[in-house]
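Report on the structure
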Amino acid sequence: MLEPTAQQPKATRREWIGLAVIALPCVLYAMDLTVLNIAVPRMSEDLKPTSSQLLWILDIYGFMVAGSLITMGNLGDRIGRRRLLMIGAAAFGVTSVVAAFSTTPAMLIAARALLGVAGATLAPSTLSLIRVMFRDHQQRTLAIGVWVTSYSIGGIIGPLLGGVVLQYFWWGSVFLLGVPVMVLLLLVGPRLLPEFRDPEAEPVDILSAVLSLAGVLLVIYGLKRVAEHGPELIAFISVAAGVVVGVVFVRRQPRLAHPLIDLRLFRSASFSTALATYLLGTFAVFGGFVFIAQYLQLVLGLQPLQAGLWSLPSFGAFILGSMIVPAIARRIPSPQLIIAGLIISAVGFGVLTQIDRVPPLAVIVIGSVLYSLGISPVFILATDIIVGSAPIERAGAASAISETSSELGGALGIAILGSIGTAVYRARMAAAMPNGVPSDVREIARGTLGGATAVAERLPGQLGAALLGTARDAFSQAFVMTAVVNALLMLVTAVAATLMLRRAVTRRTLA
């Protein structure tokens, strides 16, 4: 249950300075998700990885983060959240140096995997420390807003800093960007951050930790396979195996005296509803962003840097929303603000459906700014409800559940919306393929817009232009369909949240 705001002590200057320290590893975590992408061409020239090795180099970090979150959140509750953060920061710094000086693809894959495990300590440790440092509800909402914003800032500056560094140094230098910051965290963290651990904690159940890692990894891997290759047997087997492992994990928890996940948390309507809302919000945002990025480059023909610049208004809107949400939340109850945010997001995705009727850049900027503004209260306040609903000694576990739902939501969004978009694209291409296109080229062009763009360049002038125009039109139709799905999803989520969150608030008031 949420704590009564009036009875909680206010945070002092020390806690607010500590929040700035907490934000540092969050920025670096987000940077590491994006900064390698810009170094791929030079890294590929040096290490010469196979296509499979390259995919693992890019993906293993996110896989290991997602799979390790639950274990790390619980470990922080048991050994101390500050201690886990310091251990994670030290490991992150050391493995960053190893990654920077990797001499083989296998070495880089292993280093990225270890970076993922170290990175998994950061989100639950920092969020659960916020729970300890900011007992007052309004102050905690503001602190979580800063915490969420730090991830957005990391995502923005990662490619920019990486690009600057690569102008002067080798590809591995992008991994060294965070080392000085981690050293700073190790120096000032013990002085500014409080320590907290569950006084009744027992050692982590190793089998549960293995099951949680295996279950999440199998599901994420299967979903990513769907997103990259479409529906295929190995993807379905992976997801099904992950679900089976997850069921075994869940059935084991009630039999343990100190479970990895306290299933009693899900009895709270506010906790469960906020968690589901958070997952669906990340579903829409991650899936939508993938289509916007492709549309800017493959349909409008923008260079990657230009596409990135046109994406900045969306990031800026999210950061602005994250900063003003805590102030608005002082006057408007969280359930109402979350519902309003979902409706604004639905309007933003609705604007994106007009991509063929209005100048597309204007549609993308207006639509993405609206859904980013709308989703900011969803992310901040849902996170606040999730963390605030858990007992303080279980805040690390609750934080880990929150971040795992975000990872799953993003993977689901990319996979499911990607599959819907691919189906629409293929159907449109099958119906409108220009006459005269060779059969082998037809199959490539029907697969993806990127494939169609590549083969269109090899065809005679008018035929190539006709194929490219058809492919871009087909992708635009797929874009519109995914925007419609997201808009409807946000509206349905708003209705469900209206019923569930208000009911939870009513029960808490009566109690």
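A brief look at the structure comes next. Numbering of residues starts from 1 in each chain and follows the order in which that chain's sequence is written. Thresholds applied to this predicted model are a pLDDT of at least 70 for local features of residues and 80 or more for the giving and counting of side-chain atom pairs; totals over whole chains, interfaces and linings are not thresholded and use all residues. Side-chain metrics rest on all non-hydrogen atoms present in the structure, leaving aside hydrogens and water.

Let's talk about helix α4 (residues 105–119)
Starting at the N terminus, helices and strands are each numbered in turn, a helix being any DSSP run of H or I of at least four residues and a strand any DSSP run of E of at least two. Working rule for helices: expected span equals 1.5 Å times residues minus one. Compared with the 21 Å implied by 1.5 Å per residue over 15 residues, the 20 Å span of α4 between its first and last C-alpha is a close match. Within α4, burial applies to Pro105, Leu108, Ile109, Ala111, Arg112, Ala113, Leu115, Gly116, Ala118 and Gly119. The rule is simple: take the accessible area with a 1.4 Å probe, protein chains only, and divide by the maximum for that residue type; under 20% is buried, over 50% is exposed, in between is partly exposed.

Observations concerning empty space enclosed by the protein
Cavity and pocket criteria rest on a 1 Å grid covering protein atoms alone: a 1.4 Å probe that fits but cannot get out defines a cavity, protein on both sides within 12 Å along at least 5 of 7 lines defines an open pocket, and an atom within 4 Å of a point defines a lining residue. Grid points are joined across faces, edges and corners, and a volume is the space filled by probe spheres set on the points. Overall, the coordinates contain 3 cavities of 30 Å³ or more when judged by the stated rule. Counted as a void, the largest cavity has a volume near 60 Å³. The wall of the largest cavity is formed by Leu28, Met31, Asp32, Val35, Phe92, Ser96, Val174, Phe175, Leu177 and Gly178. Those elements that provide at least two residues to the lining of the largest cavity are α1 (13–47) and α3 (81–100). Top contributing element to the lining of the largest cavity by residue count: α1, with 4 residues.

Some details on the environment of glutamine 306
With respect to the helices and strands, glutamine 306 occurs in helix α11 (residues 304–329). Using a relative accessible area of 37% as the deciding quantity, one classes glutamine 306 as partly exposed.

Things to note about the packing of aromatic side chains
Pairing of aromatic rings covers Phe, Tyr and Trp, the last through its six-membered ring, and needs centres within 6.5 Å; plane angles under 30 degrees mean stacked, over 60 mean edge-to-face, and all others mean tilted. Tallied over the entire structure, the rule returns 10 aromatic pairs. Where phenylalanine 101 meets tryptophan 170, the ring centres are 5.3 Å apart and the plane angle is 40°; that geometry is what we call tilted. A residue pair is termed long-range when its members are at least 10 positions apart, and phenylalanine 101 in the loop between α3 and α4 and tryptophan 170 in the loop between α6 (137–166) and α7 (179–192) qualify at 69 residues. By relative accessible area, which is 48% here, phenylalanine 101 ends up partly exposed. Through pairs of rings, three or more aromatic residues link up here, namely Tyr278, Phe318 and Phe379.

Description of the side chain of aspartate 384
Checked against the element boundaries, aspartate 384 lands in helix α13 (residues 360–389). Whenever a nitrogen or oxygen atom comes within 3.5 Å of another N or O atom, the pair is scored as a polar contact, on the condition that within protein one atom can donate a hydrogen and the other can accept it, and that pairs from neighbouring residues in sequence are kept only if both atoms are in side chains. Side-chain polar atoms of aspartate 384 contact the side chain of arginine 140, separated by 2.9 Å. Side chain to side chain, aspartate 384 and threonine 141 meet in a polar contact 2.7 Å long. By definition in these notes, contact holds between two residues if any of their heavy atoms fall within 4.5 Å. Setting aside residues up to four positions removed in sequence, aspartate 384 forms contacts with His137, Arg140, Thr141 and Ile144.

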